[in-house]
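Each chain, written out:
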Amino acid sequence: MNEASSFRRRAARRPFSAAALGVSAGGLVNEEVKRTVDLSTHLAKITTELVLSNQGHSAVQSFILSVEPDLAPHLAYIGASVKGDGEDDGLLEIQQSDIHGHSGDFYKVHLASSLAAGAQLKVKVEMTFSHVLKPFPTHITQAERQLVVFQGNHYLYSPYPTRSQTTRVRLASKTVETYTKLGNPSKNDEIIEYGPFRDVPPYSEDTMKIHYENNTPFLTIGSLTRTIEVSHWGNIAVEETIDLRHTGAVLRGAFSRYDYQRQSDSGISSIKSFKTILPASAQDVYYRDEIGNISTSHLQVLDDSVEVEVRPRFPLFGGWKTHYVIGYNLPSYEYLYTLGDQYALKMRLVDHVYDDQVIDSLTVKIILPEGARNIHMDTPYKIDRLPNQLHYTYLDTFGRPVLVVTKDNLVEHHIQDVVVHYNFNKILMLQEPLLVVGAFYILFFTVIIYVRLDFAITKDPAAEVRMKVASITEQVLTLVNKRLGLYRHMDEVVNRYKQSRDTGALNSGRKTLEADHRTLTNEISSLQARLKAEGSDLAEKVGEVQKVDSQVKELVCRSCQEAERLVAGKVKKEAYIENEKNLSSKRQEFVGRIDSLLDAL
Amino acid sequence: LTKFGTEEKKMLKLSWSIKLNIQVLLLQFYSKIVFCFPFRFNYRSTHHLTSNGFYEFLNWFDERAWYPLGRIVGGTVYPGLMVTAGLIHYVLNLLHITVHIRDVCVFLAPVFSGLTSISTFLLTRELWNQGAGLLAACFIAIVPGYISRSVAGSFDNEGIAIFALQFTYYLWVKSVKTGSVFWAIGCCLSYFYMVSAWGGYVFIINLIPLHVFVLLLMQRFSRRVYIAYSTFYIIGLVLSMQIPFVGFQPIRTSEHMAAAGVFVLLQVYAFLQYLKDRLTRQEFQTLFFLGVALAAGVVFLSVIYLTYTGTNKLKCYAKIHIPIIASVSEHQPTTWVSFFFDLHILVCTFPAGLWFCIKNINDERVFVALYAISAVYFAGVMVRLMLTLTPVVCMLSAVAFSCVFEHYLGDDMKRQSPPAEDSRLGPNIKSIVTMLMLMLLMMFAVHCTWVTSNAYSSPSVVLASYNHDGSRNILDDFREAYYWLRQNTDEHARVMSWWDYGYQIAGMANRTTLVDNNTWNNSHIALVGKAMSSNETAAYEIMRSLDVDYVLIIFGGVIGYSGDDINKFLWMVRIAEGEHPRDIRESDYFTPQGEFRVDKAGSPTLLNCLMYKMSYYRFGEMQLDFRTPPGFDRTRNAEIGNKDIKLKHLEEAFTSEHWLVRIYKVKKLENRDRTSSL
């Protein structure tokens, strides 16, 4: 024993070299091991609390954790922490390695501070295995309960000898068909306790087999594609496409809705609904599939999260699967940090879908804004990065960079933050608004050009004439109205004259009237001539207006003369008033005719 | 006048946006599912078009439908709808506006109904005046008869076809009015679009020749008509033959012959006119009486005959020779109720508009009169053709309303010929009439909103019920079951169901169906009907020979849904009897008193047929409430007659939450019994 351990110690100097036996670290011994195998869900969660003691001669920096070859492919998560007196310290750094001559997976745990010779250390190791609980029988009817088999190891699989160990197995129910009886274990309700086993050599394996009833939801996410689209306008859109499968015992025979509705324990292992917890700031949550919105979900907004009760369209029985999309928006100020041109996005790489989730294959796509450069990603654990892609959406010109990462076999422990650093020139934010502005500018400009310029191959003479005539008639209208204004002005002059009896003012007023009237009439007749030249029948109407107008003018002159005569005392007042009335009514009539003629123009 | 014009445009835009609003509102309730039965198929083919390209689409052989026959989709659909949606999608994506094809499909109908109201405006303006056009556009924007095809989510041929129809008519009227080749060519292109979109193009190719023919009879022949029709016929014919589904039909089938006959007649008539100009009266008369009378007579007779048979074709479509066509509710004759329901007050006012048109007749008003008369006839034959009646009713009602308003609302002083002093209307009469008219229009608007929100806005795959407290309960059983099929059956599983659900199964469940809504093969449907109406053993034989894996039925007995398979069952029996009269007899399914009953008094054949067994399997144990016995069917209000149903060759595979959809698995042949083989 002593010889062997010294040999081992020497081998430890050459890290994991060919001839090295498993026990490579010098003289480490598991003093006391407490294992808890939690089989109450569809996962196997093995928590091992062990006291390591260094019985070698030199301090060690690291120790080895190992996983049985049968279980190794199913290992989803492994974590180790040093258990101090009070709280747990942080997780230790773990690196996968291997040891020749022994099968299984080996992980090298680096200690924060080296373990001196003769010292002891309490370590807590957590391992989670997926798909290790095998349904047996593999096919059950709707009325039957689901039985599963777990095959594990009675002992701690370790490269070090173990002084003393106990194993406690927690099951999902009291009903146990069979279990291995090594060392006469005690069974109490859903707990089986093995051990204590003393002085177990390294790499000991002894199959522990437990066949028991487990009706917890055996849900597995076959594949999950999570798309995170970052917009610098304040929004992060998250969409998860989920393929869900019931991986428990497959339903055999008929599915009877009657039994399912009437008997509470019918289809006890089937899954009706589950809860998904989204971030507290999630908004606009949608839940749908290829054929539309799934109307059977409920949303509950809590203080620190948003809970979605996801109910697939149909209850999931063993072997059945479904597929859906869930998506929501997040405000970017909670997840996007910026310093000048540098940005950092800190988000969960994968989020909660249901309790004790298992994701067989995960793909995360992070779509950064167009123009992001120097992209660099910090992941909490090892993850495969695929080449970047380009994504085009509204108003993109050269595409948005997309980071694509994948990983298999994830459990709840993998809900951790990922940080993406990148540079982004803020000027580029203006690109899309400018693009829209530019497009509209071009559109309006084209319309302006099209409307203002004449692109007709042939001229339409009729339309042109019509337009010319319209402009001339417009001019005629203003002139005629001006002329009528002259008459009203003259009336005022006459009235003033009647009061002031100032013949000079009257004469000068009459003169200006004559002069203005003449120019206006001449202008109108010239317009009339032009109308005639255009061949418009409106010319006649204008002529008629002219005729009527000359009569109006006469009347105005008459009333002027009458007023003179009144002032001179040649007529009596009553006669004048009657005369005046006559004249004004006639004038009204003429002006009315002019107006109607003008309306017809 | 220009100012008036811009205001009008604003109004038009307003009516369009109102329309869009109405229809988009619906989506807030029902998210983005493309609703009704045939729409699923259109969506599926559009999806195929966008993902595989146009030529692949034309060559598409769908092995998922009509198992084991398959269906040549590319050659048997009108591709207009899919190409339109695909083109919009393509252009948008070219501009990096990355909308999903589903969204394009959902919003296509509202957009096109906006275009329909614009083309209705144009057509009515050509016929009457701008005011009437505006009213017509407003009417068609809200009329229930058209809303049914234009709500967001109704992705149907008719949605774009009505636009094409109205626009073709507008261009036709325009080309008859101007006699310009330009407008006639435009008319042809629009007609081509119509042909690519809907089988109802036959209506155009008969109505336009009819118009020309009536114009000839009315001595209204002119160079304009000659140019318009000659251009339209030749180019339209060539273009319409480019659609694979139409192919050589335009020169082969009788419904296109009227157009050809009128074309020949028009040429002859034009030639005669030419001769008349060249020859002396004496010579012409001799020639006319000797030669042409005979020929023209023959042509006339044949045209009359062909027009008759041609226009009757649409009616033949609905003839009740084959029960399968009669079994579709859309093919039933229209009732007065549905006329009123779909058109409301317009159905009363449109004869007035027609009268106004006939009173002041001209070339294009002849056209609209013919349009109205033929559309009324067809709508009376078949509910479905209500759709072609709706636009013309809107136009003519608009004419009527516009005339009345012009008379009672207009300012007498501003008229060109002011009425005589004594015939002027008093202000009281004016205001009363105006108020009445406005009341009518208001009631119409209220009715339209009500119909839109109640009758036409719920997708047929989602049923909604209301609880006592007013909260809404959605029964999503159809999608539950279809999605179960999609996820949990073999990808190549063959599902037998009645043909109504064929497109839904293909679209939502993505599984192979035996028969679907494209009812081209009657005998295949009859075979399915026979399987449903035979007893289980006989049905098993049929199902084995058809390689059926699953059978899907709709059962409404639990929630009282009346459109279920038991209520449709007699049609299955009738269709099966049509092809297999020796095996299936309708009378076997009735009681001796001639009743169709599912309770104990029902006929034993019915109580043991496959459909009955599948519908009521294990239903006999179910007690819905305490007042009724177990196995009480809420749809038919009867306690079922056969409660102890055992299935030998089938196995319940899935039943949706409210039992609306039940899916059965057809068991494979059992292994040979060991003891008996010894």
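All of these numbers come straight from a predicted model, not from anything done at the bench. (Residues numbered from 1 in each chain as written. Chains lettered and ligands numbered in written order. Predicted model: local features only at pLDDT ≥ 70, side-chain atom pairs only at ≥ 80, totals over all residues. Heavy atoms only, no water.)

**Student:** What is the right way to read the interface of chain A and chain B from this model?
**Tutor:** A common way to report how large an interface is uses the accessible area buried once the components associate. Contact residues are listed per partner, giving 30 residues for chain A and 31 residues for chain B. Counting the surface lost from both chain A and chain B, the interface buries some 2800 Å², and carbon and sulfur atoms represent 48% of this. Per-residue buried area on chain A facing chain B is highest for Arg257, Tyr258 and Ile291 of chain A; these three make up 25% of the total on that side. Counting across the interface, chain A meets chain B through five salt bridges. The salt bridge partner of Arg486 of chain B is Glu290 of chain A, with a shortest N-O separation of 3.6 Å. Viewed at the interface, chain B and chain A are joined by 21 residue pairs in polar contact (both at pLDDT 80 or more). Among the secondary structure elements, those contributing two or more residues to the side of chain A that touches chain B are helix H2 (257-262), strand E21 (283-289), strand E22 (292-293) and strand E25 (321-331) of chain A. (Contact = heavy atoms within 4.5 Å. Buried area = accessible area lost by both parts, 1.4 Å probe. Salt bridge = Lys/Arg side-chain N within 4 Å of Asp/Glu carboxyl O. Polar contact = N/O pair within 3.5 Å; in protein donor to acceptor, adjacent residues only side chain to side chain. Helix = DSSP H or I, 4+ residues; strand = E, 2+ residues; numbered from the N terminus.)

**Student:** Would you take a moment to explain the environment of Val82 of chain A for this structure?
**Tutor:** Residue and element names in this part refer to chain A. Along the chain, Val82 turns up in strand E4 (residues 75-83). When its relative accessible area of 12% is taken as the criterion, Val82 is described as buried. Each C-alpha atom of the pair Val82 and Val123 lies 4.5 Å from the other, and the pair is 41 residues apart in sequence. (Buried < 20%, exposed > 50% of the residue type's maximum accessible area, 1.4 Å probe, protein only.)

**Student:** Please clarify how the nonpolar core should be interpreted in this entry.
**Tutor:** Grouped burial of nonpolar side chains is what soluble globular proteins tend to show. Of all hydrophobic cores here, the largest spans 130 residues; its most connected members are Tyr324 of chain A together with Ile663 of chain B. Here Ile663 of chain B is in contact with Ala481, Trp484, Leu485, Tyr550, Val551, Leu552, Glu651, Glu652, Ala653 and Phe654 of chain B, once residues within four sequence places are set aside. By size, the runner-up hydrophobic cluster in this structure holds 112 residues, among which are Phe121, Ile160, Val214 and Met382 of chain B. (Core = buried A, V, L, I, M, F, W, Y, C linked by side-chain atoms within 4.5 Å.)

**Student:** Mind showing me how you'd approach helix H25 (residues 536-545) of chain B here?
**Tutor:** At 3.6 residues per turn, the α-helix brings residues three or four places apart onto the same side. Residue and element names in this part refer to chain B. Every buried residue belonging to H25 is among Glu536, Ala539, Tyr540, Ile542 and Met543, and all of these are buried. Seen from one end, H25 has its buried residues packed into an arc of 165°, which puts them on one side. The outward face of H25, more than 90 degrees from its buried face, is lined by the exposed residues Thr537, Glu541 and Ser545. Elements in contact with the buried residues of H25: strand E5 (494-496), helix H24 (522-533), strand E7 (550-554), helix H28 (610-616), strand E10 (650-655) and strand E11 (661-666). (Arc of directions from axis to C-beta.)

**Student:** Can you walk me through the pattern of salt bridges in this structure?
**Tutor:** Two side chains that carry opposite charge are able to pair once their charged atoms sit near each other. Tallying each qualifying case throughout the model produces 46 salt bridges over all chains. In this structure, Arg636 of chain B and Asp633 of chain B form a salt bridge, with 2.8 Å as the shortest nitrogen-oxygen distance. Exposure class is identical for Arg636 of chain B and Asp633 of chain B. Each is buried. Among the charged side chains, a network of salt bridges with common partners joins Glu229, Asp396, Arg400 and Glu432 of chain A.

**Student:** Would you mind going over the pairing of E10 of chain B with me for this structure?
**Tutor:** Side-chain direction in a regular strand flips from residue to residue, so the side chains alternate between the two faces of the sheet. Residue and element names in this part refer to chain B. Of all the six residues making up E10, five are buried; the element is thus mostly covered by neighbouring parts of the structure. Note that E10 and E11 share five bridges and pair antiparallel. Bridged to Thr655 within E11 is Arg662. Between the end of E10 and the start of E11, which pair antiparallel, lie five residues, with Trp659 showing a positive phi angle near 60°. (Pairing = 2+ DSSP bridges.)

**Student:** Where do I start with the UniProt feature "transmembrane region" (unreviewed entry) in chain A in this structure?
**Tutor:** In the numbering used here, UniProt assigns the "transmembrane region" (unreviewed entry) feature to residues 434-453 of chain A. Along residues 434-453 of chain A one finds 95% helix and 0% strand; the C-alpha atoms at either end are 28 Å apart. (UniProt positions renumbered as here; feature names shortened; annotations may be inferred.)

**Student:** Would you mind going over the sheet that holds strand E27 (residues 342-348) of chain A with me for this structure?
**Tutor:** Sheets are built from strands that pair by backbone hydrogen bonding, the pairs being arranged parallel or antiparallel. Residue and element names in this part refer to chain A. The four strands lie next to each other as E26-E27-E32-E29, forming an open sheet whose pairing is antiparallel. Every interior strand has two partners, whereas the edge strands, strand E26 (336-339) and strand E29 (373-378), have only one. The mean inter-strand angle of the sheet, taken between neighbouring strand axes irrespective of direction, is 15°. Two strands pair when backbone bridges link them, and E27 and strand E32 (residues 417-423) are joined in this way by seven bridges, in the antiparallel orientation. Following the sheet pairing, Leu345 is matched in E32 by Val420. (Axes fitted to C-alpha atoms, helices over the stretch in contact; angles between N-to-C directions.)

**Student:** I'm lost on the packing of helix H9 (residues 157-178) of chain B against helix H20 (residues 386-409) of chain B in this one. Help?
**Tutor:** Two numbers describe a pair of packed helices, the interaxial angle and the distance between the axes. Residue and element names in this part refer to chain B. Put simply, H9 and H20 touch, their axes get as near as 10 Å, and they point 45° apart. On the basis of their axis angle, the class for H9 and H20 is oblique. The two elements H9 and H20 meet at a crossing, and its hand is right-handed. On H20, the residues touching Glu158, Ile162 and Gln166 of H9 are Leu387, Pro391 and Met395. When the residues that make up the contact of H9 with H20 are grouped by side-chain class, the tally is four nonpolar, one polar and one charged. (Parallel < 35°, antiparallel > 145°, perpendicular 65-115°, else oblique. Left-handed = near helix turned anticlockwise from the far one by under 90°. Nonpolar A, V, L, I, M, F, W, Y, C, P; charged D, E, K, R; others polar.)

**Student:** I'm lost on the sheet that holds strand E9 (residues 133-135) of chain A in this one. Help?
**Tutor:** Residues and elements named next belong to chain A. Spatial strand order, E9-E11-E16-E13: four strands in an open sheet with antiparallel pairing. The sheet terminates laterally at E9 and strand E13 (176-179), the two strands that pair on one side only. Neighbouring strand axes in the sheet, compared pairwise and without regard to direction, differ in orientation by 20° on average. In the sheet, E9 pairs with strand E11 (residues 147-153) via three bridges, with the strands oriented antiparallel. What sits directly across from Pro135, in E11, is Val148.

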